[in-house]
Amino acid sequence: MNILDEFDTIAAISTPVGTGGVGVIRISGTKAFEIIGKIFTDSDFSPRKFNHGWIVEGNRNIDEVIVLPFFAPNSYTGEDVIEIQCHGGINVVRNILNLVLKNGARMAERGEFTKRAFLNKKMDLSQAEAVADIIHSKTSEFAKVSVKNLSGVLKSKIDEIRTDIFEVLSRITAGIDFPEDVKEPEYEYLIEKFENIIAFIDKILAGADSSNIFRQGVSVAIAGKPNVGKSSLFNALLSLDRAIVTDVAGTTRDVLRETLDLGIPVTLIDTAGIRDSDEKVEKIGIDYSKQSLNEADLVLFVYDASKSMEEEDYQILSLLDGKNYIKVGNKSDLNVNKNGDDIYISALTGEGIDELRKVLTKKVCTIEPENLEFLTNTRQQECLRKAKNSIEQALLASNVHELQDLISIDVKSALLALDELTGELITDEVLESIFDHFCIGK
Ligand code: GDP
């Protein structure tokens, strides 16, 4: 059966639910044109032309819209697709979706449009995963690199390895199947080929750590005793009023976390001021603070530079022994004696914040996102490692001139691992877990 016929027709709101200029409802499947024909005032559709008219329910106008028709297989999903652009706003978008559902579509599941695009071979799995990366990217640099995967950079690298492995496999197989006509390949040839393939995979895996840092980001905790200006610094770095700032010591009791875009995503953590306290809730906050300091990749240690460092400051500094930290003297707008390598800022006036941001970026961004050719995720890295292990086995066997029949088994396993990466060979569970990370409407 043609894969396009196996699917029912799905629909979803593809724009975020909320008030906005435009809302988009997407329909995909064999009934897409039939459904729009029942609820739209114009049914004269042709490729690459949009239609303007009204969505109607019986005699009632629902909204004035633009309809974009895409004819299979020239669409995102590879199926017939209709996109309705209506006025943004929760209710009008929902009304139109309900009308579409009433007329024969089913509500799409998470990522179902992209899943169909993958199943209909409009994109491979690395491209589908790039779609999710772009949607969920926490930094603009991450979105830029993810686009490279969407355009197939990783896919083309994998295709290169597959072509190489395939060439070796066909020569071995020909030698085995037609021993009278085709000589089996020399072992020197196999060894050279396998070494090159391993080096190529290693080159891709070399970027794995950078990819993981770029994906997961790093955490930076702000620590210090109460009232030195930690929450003010937290707000200043984020350019928003997220944490409560008061002159009452011990206000921050919970650990606050927000994402800061420094090229890589930085989870900025505002902690409760550390001091000896008998107050129950504050004590819990202080315990959390100490835990956050342990877990953070870097700590911004803040003290009040308008006063000299006190015993409590030194106690907190001693907790940071062996940790990566930056010492920040706050309240530089007051009377301050500057000395040493400390960075002086005023979280109140903003003085020195840009400088601190630069130092922070240099410390946490050990990778240069603009130099990343593409990203890999842990699933893809795992498949690459499996392929590499198999080729390493094949190399070992070639070195001792093992029967080529046996060598071909490892070579085939390497191919299977790469098939898993691109999605040619994938279990339903893995597929479900990948598309589960998407939003509805994508
Ligand atoms: P935290 O307890 O360490 O989080 O400190 P807060 O951010 O709540 O600030 C404590 C008090 O110090 C508040 O009254 C702030 O307005 C004040 N403060 C914070 N940063 C500065 C600064 O750079 N200069 C001055 N003069 N006051 C500041």
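Just so we're clear, the structure is a prediction, and the values are computed from it rather than from any experiment. (Residues numbered from 1 in each chain as written. Predicted model: local features only at pLDDT ≥ 70, side-chain atom pairs only at ≥ 80, totals over all residues. Heavy atoms only, no water.)

Moving on, we come to the domain arrangement of the protein. Interface size, as often reported, equals the accessible area lost upon joining of the parts. With domains assigned, the protein is organised as domain 1 (3-123), domain 2 (131-207 + 374-423) and domain 3 (215-369). Buried surface at the junction of domain 2 and domain 3, both sides included, amounts to about 740 Å², of which 54% is carbon and sulfur. When residues of domain 2 are sorted by the area they lose upon contact with domain 3, Lys 138, Thr 139 and Glu 141 head the list and together hold 54% of the total. Note that Arg 215 is salt-bridged to Asp 133, the shortest N-O span being 2.8 Å. Remark: the boundary between domain 2 and domain 3 carries three residue pairs in polar contact (both at pLDDT 80 or more). For the side of domain 2 that touches domain 3, the element with the highest residue contribution is helix H5 (residues 140-150), accounting for four residues. In the side of domain 2 that touches domain 3, the residues fall into three nonpolar, four polar and three charged. (Domains from an automatic or database assignment. Buried area = accessible area lost by both parts, 1.4 Å probe. Salt bridge = Lys/Arg side-chain N within 4 Å of Asp/Glu carboxyl O. Polar contact = N/O pair within 3.5 Å; in protein donor to acceptor, adjacent residues only side chain to side chain. Helix = DSSP H or I, 4+ residues; strand = E, 2+ residues; numbered from the N terminus. Nonpolar A, V, L, I, M, F, W, Y, C, P; charged D, E, K, R; others polar.)

The ligand sits among 18 residues. The nearest are Asn 227, Lys 230, Ser 231, Ser 232 and Asp 333. In the model, an oxygen atom of the ligand is placed 3.0 Å from a nitrogen or oxygen of the Gly 229 main chain. Note that an oxygen atom of the ligand is positioned 3.2 Å from one of the side-chain N or O atoms of Lys 331. Relative to its unbound accessible area of 580 Å², the ligand is 87% covered by the protein chains. (Near = heavy atom within 4 Å. Areas by Shrake-Rupley, 256 points an atom, 1.4 Å probe, with all protein chains shown as cover.)

Moving on, we come to the packing of helix H3 (residues 112-119) against helix H15 (residues 428-435). Interhelical geometry of H3 versus H15 gives an angle of 135 degrees and a closest axis separation of 10 Å. By the angle between their directions, the pair H3 and H15 is classed as oblique. Classified by chirality, the crossing of H15 by H3 is right-handed. Facing Thr 114, Lys 115, Phe 118 and Leu 119 of H3, the residues of H15 in contact are Leu 431, Glu 432 and Phe 435. Partitioned by chemical class, the residues of the contact of H3 with H15 number four nonpolar, one polar and two charged. (Axes fitted to C-alpha atoms, helices over the stretch in contact; angles between N-to-C directions. Parallel < 35°, antiparallel > 145°, perpendicular 65-115°, else oblique. Left-handed = near helix turned anticlockwise from the far one by under 90°. Contact = heavy atoms within 4.5 Å.)

Positionally, Ser 408 belongs in helix H14 (residues 404-422). Ser 408 gets classed as buried once you look at its relative accessible area, which sits at 4%. It is 7.7 Å that separates the C-alpha atoms of Ser 408 and Thr 173, two residues lying 235 residues apart in sequence. In this view, Ser 408 contacts Leu 169 and Ile 172; residues no more than four positions away in its chain are not counted. (Buried < 20%, exposed > 50% of the residue type's maximum accessible area, 1.4 Å probe, protein only.)

Neighbouring strands of a sheet are bound in pairs by backbone hydrogen bonds; such pairs are parallel or else antiparallel. Pairing in this open sheet of six strands is mixed, and the strands run E8-E9-E7-E10-E11-E12 from one edge to the other. Two strands bound the open sheet, and with one partner strand each, they are strand E8 (256-262) and strand E12 (343-344). In this structure, strand E11 (residues 325-330) lies alongside E12, joined through two bridges in parallel fashion. Residue pairing in the sheet places Val 328 in a bridge with Ile 343 of E12. Its contacts with the sheet place helix H8 (residues 208-216) against strand E7 (218-223) and strand E9 (264-270), and it is angled at close to 50 degrees to E9. (Pairing = 2+ DSSP bridges.)

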